[in-house]
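So you can see what is in the structure, the chains are spelled out below.
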Amino acid sequence: MTLASPVSTESGSTEPLLELRNVSKAFGGVQALDRVNFTVLPGEIHALVGENGAGKSTLVKILAGAYVPDSGEVIVSGESHATLTPQRARAAGIAVVHQEFNLLSELTVAENVFLGMLPKGRLGAVSPEKAARLTTAILARLGSDLDPRRYVLQLSVVEQQLVEIAKALAGNARCIVMDEPSTVLSPEELKVLYAVLHRLRDEGRSIVYISHRLSEVFALSDRVTVFKDGRFVSSDNTVEMTEDELIRRMVGRPISELFPERVPSIGEPVLEVRNLTVPGKLFDVSVTVRRGEIVGLAGLGGSGRTTLARAVVGLEDVAAGQILLEGTRVPRSPGPCARAGVVMVPEDRKAHGIVAGRSVAANLSLPSLRRFSRAGVLSFKREQSMAARLIAQFGVRPASTRVSIHNLSGGNQQKVVLAKWFDTSPKAVVLDEPTRGVDVGAKSEIYAIIEDLSARGVGVLLASSDLTELLGVCDRIVVLREGRVAAELNRSDASEESILRAAVASGTSDEPEIAPQAPQSRTEKQ
Amino acid sequence: MTLSTAVDRSAAHRPPLAVQVVDWLSRYSAISTTVLLLIVAAIVTPTFYDETNLRTVAVQTSALGIVVLGQMVVLLVRGIDMSVSAVVAVTGVIATSAAGGGANIAISLAAAVGLALMVGLVNGLLITWRKVPPFIATFIMFIVVSGALLAYTKAQTSGSAPAWLRRVGSGSIAGVPLPTIIWIAMGLLLFGVLTRTIWGRYVYSVGANPEASRHAGVPVFAVTMSAYVLCALCALVGGLMYSGYSGYIDQNLGNNVNLNSIAAAIIGGVAFSGGRGGVLGAAVGALLLTVLTNMVVVAGLEIYWQLIAQGLVLIFAVAINGLRDRWIRDTA
């Protein structure tokens, strides 16, 4: 990480810009926030970390004025608010940039930035020219030369994020809350975002940065606050913190336990992809996964990882090549594939993984309904007992079969998405980004599940953009580059550097980072 | 599923009274409105409770209710079927032409079933395979089938229903009209199938998230196709009930069935966005709409008031559902 952060440690005497005192919020029986304290100083980037369910989202919504705390007070620039409404939060100078943007794609950049407060020209009519001019000025402060007349639907994700930030600045926000901004960004885009956030800090504004990626915390933040189970754990200057210590505070266990011990016992080939070509996406790709083996699939965004994962279960139009399971060609759609013994866990959990609105039990049983039915008629008893068994086995919380799946945290949803395939006794499992947007605790549980699969002789193909994960879990790593196999590395040869070298075309001088890794950033700090 | 979470929450800490009222109304809005209407009828239009009128209401509710069963399944898979009224009309014509031409019952029934199957299959194919939006695909079918019907009958669809059909339409067992018995039997069967079979699970799952269902190995195309075929078959049975009850067929048969069947399902709590709703709600929705229409007639108001009354009830039902959705989203 080249963006070492100047640290404002001496600012102890400064009056806080934003302070939460003993704020509590409960939903039903769940205490989402329990008397938390949280202080943001002017001109700092303050990272907020914690597992899913730690209370980060609730805090964001309180700051946005969407939730009213049950007790406690929110103090903005010395003024106490028992209840913040969205209007009052904005007036007090707090702006929230949500993970999912609130932009109108049919409007221009300028119209979005000044939404609801378009500047007026002569005769009191709105003036698009003035809006464009002001927007250009704001964007320039962010170091961007984005054309304010472009329509939002034409923008890339990071450009849209810039528009959101510009919107906050147009409202003269002094404290910008970024809710997991990095999950939607590529490494290159992330650099742009970091630069923007540093500029904002240098203007004296404060950033509350919520993230799952600890590497970002160290690369970006001045201070870091940890929440756990709705409680405040600690606030420290980031330079005085180590990653191991941060993880220990978040989960209560050291990082060495993140990846399970692995003694692979590898057998015959079970899943073979031979000379696979998907027009425009994959070219002559061959990958073999053996029984009990975990094969990693690395590559930059757009290198074909997801296409390969989807193609295995018949979700892509294959132009040439074969996919064999124990020597037999696999069917061309997910249902028959599952019955043949190969399943795929998709990357996009919300869109492709969970059936929102349905219960956990209904989600768990969906791929294997035939097993709990006779002549098409279901046995609820067998379904419930299967669901209860899987919930216990996978540690899904809350341990209820009846709760709606969309009420679970991301990590627990992912466990359900993984667990539902277990009762189909697969021979090969393809996982596409199984730990994306999942907290550290759930991550280690998911790694244990993957390890358990391989111990039972299942062949696992793990597509991931997280190099730490690939290096920690896999026996072998296949690197894709522009739809072709660029390298195949054994566990002993694989390192972050060797994967990256294979992933980027040779001769390129600037080295993009796939997932900036923690130990690196730590060494730079020292 | 969302229902149960709402219950859990209200048990844990009581939401404000207004929220409780909205939640209660939305869950029971169709039933409570129907009860209210029946009370109003007793006061304002006592003739509503005449035996002949009650029978009329029962038969009309049943005929509509049967069509609503199919429409509901289509709505559950995120679809809509605008061709049901054409199927109802075609069924009537086939039934009468059998009576006039002396063709035997089996042949005319087979022809009607074949036609309904075809309509359902074409709807399903257009929507799954050609990815035509359901509203457009089924509306095209409506135009094609209605047009074919006009061409065949030269716009002079009139005649008597065959004797056997009139017997079905006007018969009763133990005082309960036969169409009502058929409706209840079909409703119970569909209830069982939706709640207790793999196919039922697939229907709800496809409606809630078709893409995730596909990834989980659900045969999304087949499920969607089957919904449209089932809907066409229900429309066929509904058409037989309509023509058997009225005893004759004219070209207006089935005119309002498209909108009424959709309205009844929505009033009964079936979500336009798919994946939510059930047989009981759809049945109450059909009852509510029919009672409302009938009361306008019995009260001696002009027929146009029917539409206004129906519109108001729809606004009420949709508003209540919307309020409830928003509340659930806000507290989630």
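1. Quick look at the overall build of chain B
Here is step 1: The secondary structure content of chain B amounts to 14 helices and four strands.
Here is step 2: Within chain B, the proportion of its 332 residues that are buried is 49%.
Here is step 3: Intrachain contacts of chain B at a sequence separation of at least 6 include 78% that bridge at least 24 residues.

2. Focus on the overall build of chain A
Here is step 1: Regarding its fold elements, chain A presents 18 helices and 22 strands.
Here is step 2: For a compact globule of 526 residues, the expected C-alpha radius of gyration is about 24 Å, and chain A comes in at 25 Å, within 12% of that figure.
Here is step 3: Projected onto its principal axes, the C-alpha positions of chain A cover 75 × 55 × 55 Å.
Here is step 4: Here chain A holds 526 residues, and the buried ones make up 50% of them.
Here is step 5: Within chain A, contacts between residues separated by at least 24 positions form 69% of all contacts whose residues are at least 6 apart in sequence.

3. Points about helix H1 (residues 56–63) of chain A
Residue and element names in this part refer to chain A.
Here is step 1: Taking burial as the measure, the eight residues of H1 include six buried ones, the bulk of the element.
Here is step 2: Along H1, the residues classified as buried are Lys56, Thr58, Leu59, Val60, Ile62 and Leu63.
Here is step 3: Two residues or fewer past H1, Gly65 is found with a positive phi of approximately 85 degrees.

4. Considering the pairing of strand E22 (residues 484–490) of chain A
All names here are of chain A.
Here is step 1: Bridge count for strand E21 (residues 476–481) against E22 is six bridges, and the pairing is antiparallel. By the bridge assignment, Arg481 is partnered in E22 with Arg484.
Here is step 2: Between E21 and E22, which follow one another and run antiparallel, lie two residues, and Glu482 among them has a positive phi close to 50 degrees.

5. Some points on helix H13 (residues 279–298) of chain B
Residue and element names in this part refer to chain B.
Here is step 1: Between the first and last C-alpha of H13 there are 28 Å, a value that for 20 residues agrees with the 28 Å anticipated at 1.5 Å per step.
Here is step 2: When you tally the buried positions in H13, you get 17 out of 20 residues, the bulk of the element.
Here is step 3: Positive phi appears at Gly300, one or two residues downstream of H13, with a value of about 80 degrees.

6. Here's the deal with the pairing of strand E14 (residues 320–325) of chain A
Residue and element names in this part refer to chain A.
Here is step 1: Taken together, the five bridges between strand E11 (residues 269–278) and E14 define a ladder with antiparallel strand orientation. Bridge pairing in E14 places Arg274 opposite Gln322.
Here is step 2: Relative to strand E15 (residues 328–329), E14 runs antiparallel, the two being bridged by two bridges. If you follow Leu325 over to E15, its bridge partner there is Thr328.
Here is step 3: Between E14 and E15, which pair antiparallel and follow one another directly, the connecting turn spans two residues, one of which, Glu326, has a positive phi of 50 degrees.

7. A short note on the interface of chain B and chain A
Here is step 1: Taken together, the contacts link 29 residues of chain B with 29 residues of chain A.
Here is step 2: Within the residue set of the side of chain B that touches chain A, elements represented by two or more residues are helix H1 (2–12), helix H9 (198–208) and helix H10 (210–215) of chain B.
Here is step 3: Among the residues making up the side of chain B that touches chain A, the classes are represented as 11 nonpolar, 11 polar and seven charged.

8. What to know about the sheet that holds strand E19 (residues 428–432) of chain A
Residue and element names in this part refer to chain A.
Here is step 1: Pairing in this open sheet of six strands is mixed, and the strands run E16-E19-E20-E13-E21-E22 from one edge to the other. The sheet terminates laterally at strand E16 (342–345) and E22, the two strands that pair on one side only. Going from strand to strand, the sheet's axes swing by 20 degrees on average, the running direction of each strand aside.
Here is step 2: Seen against the sheet, helix H17 (residues 496–503) touches strand E13 (294–298), E21 and E22 and runs at an angle of roughly 30 degrees to E21.

9. Observations regarding the sheet that holds E14(A)
Here is step 1: Taken in spatial order, the four strands line up as E12-E11-E14-E15 (chain A) in an open sheet, and their pairing is antiparallel. Edge positions in the open sheet fall to strand E12 (282–290) and E15 of chain A, since each of these has one partner strand only.

10. A closer look at the packing of helix H8 (residues 178–196) of chain B against H9(B)
Residue and element names in this part refer to chain B.
Here is step 1: Contact geometry for H8 and H9: axes closest at 5 Å, N-to-C directions at 75 degrees. Considering the angle they form, H8 stands roughly perpendicular to H9. Every residue of H9 that contacts H8 at Val193, Leu194, Thr195 and Arg196 is listed here: Trp199, Gly200 and Val203.

11. Notes on the nonpolar core
Here is step 1: Judged by nonpolar contacts, the single largest core of 180 residues is most densely connected at Val460(A), Leu462(A) and Val87(B).
Here is step 2: Among the elements that line this core, the one with the most residues is helix H11 (residues 220–246) of chain B, at 18 residues.
Here is step 3: The contact partners of Val87(B), leaving out residues within four places of it in the chain, are Ala116(B), Val119(B), Val145(B), Ala232(B), Ala235(B), Leu236(B) and Gly239(B).
Here is step 4: In terms of nonpolar packing, the next biggest core, distinct from the first, is built from 76 residues, Leu17(A), Leu63(A), Leu200(A) and Leu214(A) among them.

12. Digging into the environment of Asn37(A)
Residue and element names in this part refer to chain A.
Here is step 1: Mapping Asn37 onto the fold places it in strand E2 (residues 30–40).
Here is step 2: You can call Asn37 partly exposed: it has 14 C-beta atoms within 10 Å.
Here is step 3: Separated by 196 residues in sequence, Asn37 and Val233 have C-alpha atoms that sit 9.4 Å apart.
Here is step 4: What Asn37 contacts, discounting residues up to four positions off in sequence, is Leu20, Arg21, Asn22 and Phe232.

13. Quick word on unusual backbone geometry
Residues and elements named next belong to chain A.
Here is step 1: Look at the link from Arg397 to Pro398: it is a cis peptide, with omega at 0 degrees.
Here is step 2: Mapped onto the fold, Pro398 is located in the loop between helix H13 (380–394) and helix H14 (410–419).
Here is step 3: A positive phi is found at Asn22, a non-glycine position, where the angle reads about 50 degrees.
Here is step 4: Topologically, Asn22 is positioned in strand E1 (residues 18–27).
Here is step 5: Taking the number of C-beta atoms within 10 Å as the measure of exposure, Asn22 has 14 and is therefore partly exposed.
Here is step 6: A positive phi angle, close to 60 degrees, is found at Asn172, a residue other than glycine.
Here is step 7: Considering the arrangement of structural elements, one finds Asn172 in the loop between helix H5 (157–170) and strand E7 (175–179).

14. Quick notes on the packing of helix H12 (residues 257–267) of chain B against H13(B)
Residue and element names in this part refer to chain B.
Here is step 1: Running from amino to carboxyl end, H12 crosses H13 at an angle of 120 degrees, the nearest separation of the two axes being 7 Å. When the axes of H12 and H13 are compared, the pair comes out oblique. The two elements H12 and H13 meet at a crossing, and its hand is right-handed. Facing H12, whose interface residues are Asn260, Ala263, Ala264, Ala265 and Ile267, H13 presents Ala282, Gly285, Ala286, Leu288 and Leu289.
Here is step 2: When the residues that make up the contact of H12 with H13 are grouped by side-chain class, the tally is eight nonpolar, two polar and no charged.

15. Some remarks on the confidence of the model for chain B
Residues and elements named next belong to chain B.
Here is step 1: Chain-level statistics for chain B give a pLDDT mean of 85 and a share of 88% at 70 or above.
Here is step 2: Here residues 1–13 scores under 50 on pLDDT; set against residues more than four positions off or in separate chains, the count is 21 contacts.
Here is step 3: As scored by the predictor, the complex reaches a pTM of 0.76 and an ipTM of 0.84.

16. Details of the environment of Leu307(B)
Here is step 1: Structurally, Leu307(B) is set in helix H14 (residues 304–331).
Here is step 2: Taking the C-alpha atoms as reference, Leu307(B) lies 9.8 Å from Leu292(B); in sequence the two are 15 residues apart.

17. A few points about the confidence of the model for chain A
Here is step 1: Overall, the predicted model of chain A reaches an average pLDDT of 85, with 91% of residues at or above 70.
Here is step 2: Low pLDDT, under 50, characterises residues 1–12 of chain A; the predicted model gives this stretch 21 contacts beyond four residues in sequence or across chains.

18. Comments concerning the environment of Ala18(B)
Residues and elements named next belong to chain B.
Here is step 1: Structurally, Ala18 can be placed in helix H2 (residues 17–44).
Here is step 2: The class for Ala18 is exposed, based on 10 C-beta atoms found within 10 Å.
Here is step 3: In sequence terms Ala18 and Arg214 are 196 residues apart; their C-alpha atoms lie 40 Å from each other.

Conventions we followed
Residues numbered from 1 in each chain as written. Chains lettered and ligands numbered in written order. Predicted model: local features only at pLDDT ≥ 70, side-chain atom pairs only at ≥ 80, totals over all residues. Helix = DSSP H or I, 4+ residues; strand = E, 2+ residues; numbered from the N terminus. Buried ≥ 20, exposed ≤ 12 C-beta atoms within 10 Å, placed from the backbone. Contact = placed C-beta atoms within 7 Å. Rg over C-alpha atoms; globule rule 2.2 N^0.38 Å. Pairing = 2+ DSSP bridges. Expected span 1.5 Å × (residues − 1). Nonpolar A, V, L, I, M, F, W, Y, C, P; charged D, E, K, R; others polar. Axes fitted to C-alpha atoms, helices over the stretch in contact; angles between N-to-C directions. Parallel < 35°, antiparallel > 145°, perpendicular 65-115°, else oblique. Core = buried A, V, L, I, M, F, W, Y, C linked by C-beta atoms within 7 Å. Left-handed = near helix turned anticlockwise from the far one by under 90°. pLDDT = per-residue confidence, 0-100.

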